[in-house]
Amino acid sequence: QVQLVESGGGLVQAGGSLTLSCAASRRTFNAYTMGWFRQAPGKERVFVAAINWSGVNRYYADFVKGRFTISRDNAKNTVNLRMNSLKPEDTAVYYCAADPSTQGSPITVEWYTYWGQGTQVTVSS
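Below is a short write-up of the structure. Positions within a chain are numbered from 1, following the residues in the order the chain's sequence is written. Only residues with pLDDT of at least 70 are given local features in this predicted model, and only at 80 or more are side-chain atom pairs given and counted; all residues enter the totals for whole chains, interfaces and linings. In computing side-chain properties, one takes all heavy atoms of the structure into account and sets aside hydrogens as well as water.

1. What about the overall build of the protein chain?
No. 1: Comment: elements are numbered from the N terminus, with helices defined as DSSP H or I runs of at least four residues and strands as E runs of at least two. In terms of helices and strands, the protein chain carries zero helices and 11 strands.
No. 2: Of the regular secondary structure in the protein chain, the N- to C-terminal order runs β-β-β-β-β-β-β-β-β-β-β.
No. 3: Put simply, the radius of gyration uses C-alpha atoms, and a globule should come to 2.2 Å times the residue count raised to 0.38. Here the protein chain has a C-alpha radius of gyration of 13 Å; the compact-globule value for 125 residues is 14 Å, and the two agree.
No. 4: Projected onto the principal axes, the alpha-carbon positions of the protein chain cover approximately 40 × 25 × 25 Å.
No. 5: Burial classification: accessible surface area is computed with a 1.4 Å probe over protein chains only, and a residue below 20% of its type maximum counts as buried, one above 50% as exposed, and the rest as partly exposed. Taking all 125 residues of the protein chain together, 42% fall into the buried category.
No. 6: Within this scheme the basic residues Lys and Arg register as positive and the acidic residues Asp and Glu register as negative, but His and the chain ends are omitted. Every charge is mapped to an atom, namely NZ of Lys, CZ of Arg, CG of Asp or CD of Glu. Here the protein chain contributes 12 positively and 8 negatively charged side chains, and the mean placements of these two sets differ by 7 Å.

Structural data, given as structure tokens:
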């Protein structure tokens, strides 16, 4: 079992930046692929970014490429999402996800086993 706790959400003006963090409870965190997803009101949860266990492989949704950066610190059991040039359409609840699998592509909701409770990000225009 892995417990994930997100932090760092809040209210920011368009063009601003935020860094989300996700802390994992499991000592084998460094074996897990980690992902970030978001869900806007009335919409489905969608993929934002993912990073494999070593940090070598990173995946991004097209709508965040060049603006968001995912990183991880295996010594601290954390994964971060640095969000720059935020837009009002980035407003959503952001969720951290984890899975020990190394097979397949970690860009779908169904791929992940463990989820955090989410943190709200609101971007004002």
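2. Here's the deal with the packing of aromatic side chains
Aromatic ring pairs are reported here in terms of the distance separating the ring centres and the angle at which the planes meet.
No. 1: Side-chain rings of Phe, Tyr and Trp (the six-membered ring for Trp) are treated as a pair once their centres are within 6.5 Å; stacked means planes under 30 degrees apart, edge-to-face means over 60, and tilted covers the remaining angles. Tallied over the entire structure, the rule returns six aromatic pairs.
No. 2: An aromatic cluster is built from Phe37, Phe47, Trp111, Tyr112 and Trp115, whose rings are joined through pairwise contacts.
No. 3: Positioned above the aromatic ring of Trp115, the side-chain terminus of Arg45 is 4.9 Å from the ring centre.
No. 4: Placement of a charge over a ring requires the Lys NZ or Arg CZ to be within 6 Å of the ring centre, with the centre-to-atom vector within 35 degrees of the ring normal. Lying over the aromatic face of Phe29, Arg72 brings its terminal NZ or CZ to 4.5 Å of the ring centre.

3. Considering the side chain of Arg38
No. 1: Its location among the elements puts Arg38 in strand S4 (residues 33-39).
No. 2: Since its relative accessible area comes to 9%, Arg38 is described here as buried.
No. 3: A distance of 2.9 Å separates polar atoms of two side chains, one belonging to Arg38 and the other to Tyr94.
No. 4: Between two residues, a contact is recorded if the distance between any of their heavy atoms is within 4.5 Å. Those residues in contact with Arg38, other than ones at most four positions away along the chain, are Glu44, Arg45, Val46, Val48, Phe63, Val64, Phe68, Glu89, Asp90, Ala92, Val93 and Tyr94. Nitrogen and oxygen atoms within 3.5 Å of one another constitute a polar contact, given that in protein one can donate a hydrogen and the other can accept it, and given that sequence-neighbouring residues count only through two side-chain atoms.

4. Notes on unusual backbone geometry
No. 1: The phi angle at Asn77 is positive, at roughly 55°, despite the residue not being glycine.
No. 2: Its place among the elements puts Asn77 in the loop between strand S7 (68-73) and strand S8 (78-83).
No. 3: Judged by relative accessible area, which is 14%, Asn77 ranks as buried.
No. 4: Despite not being glycine, Ser85 shows a phi value in the positive range, around 50°.
No. 5: With respect to the helices and strands, Ser85 occurs in the loop between S8 and strand S9 (92-99).
No. 6: Residue Ser85 is classed as partly exposed on the basis of its relative accessible area, which comes to 42%.

5. Observations concerning the side chain of Asn52
No. 1: Relative to the assigned elements, Asn52 resides in the loop between strand S5 (46-51) and strand S6 (58-60).
No. 2: In this structure, Asn52 is in contact with Tyr32, Thr33, Asn57 and Arg72, ignoring residues within four places of it in sequence.

6. A word on the state of the cysteines
No. 1: When the sulfur atoms of two cysteines come within 2.5 Å, that pair is taken as a disulfide. Counting across every chain of the model gives one disulfide.
No. 2: Disulfide pairing places Cys22 opposite Cys96 at an S-S distance of 2.1 Å. Looking down the S-S bond of the Cys22 and Cys96 bridge, the torsion is -80°, so its handedness is left-handed. In this pair, Cys22 is assigned in strand S3 (residues 18-24) and Cys96 in strand S9, connecting sequence segments 74 residues apart.

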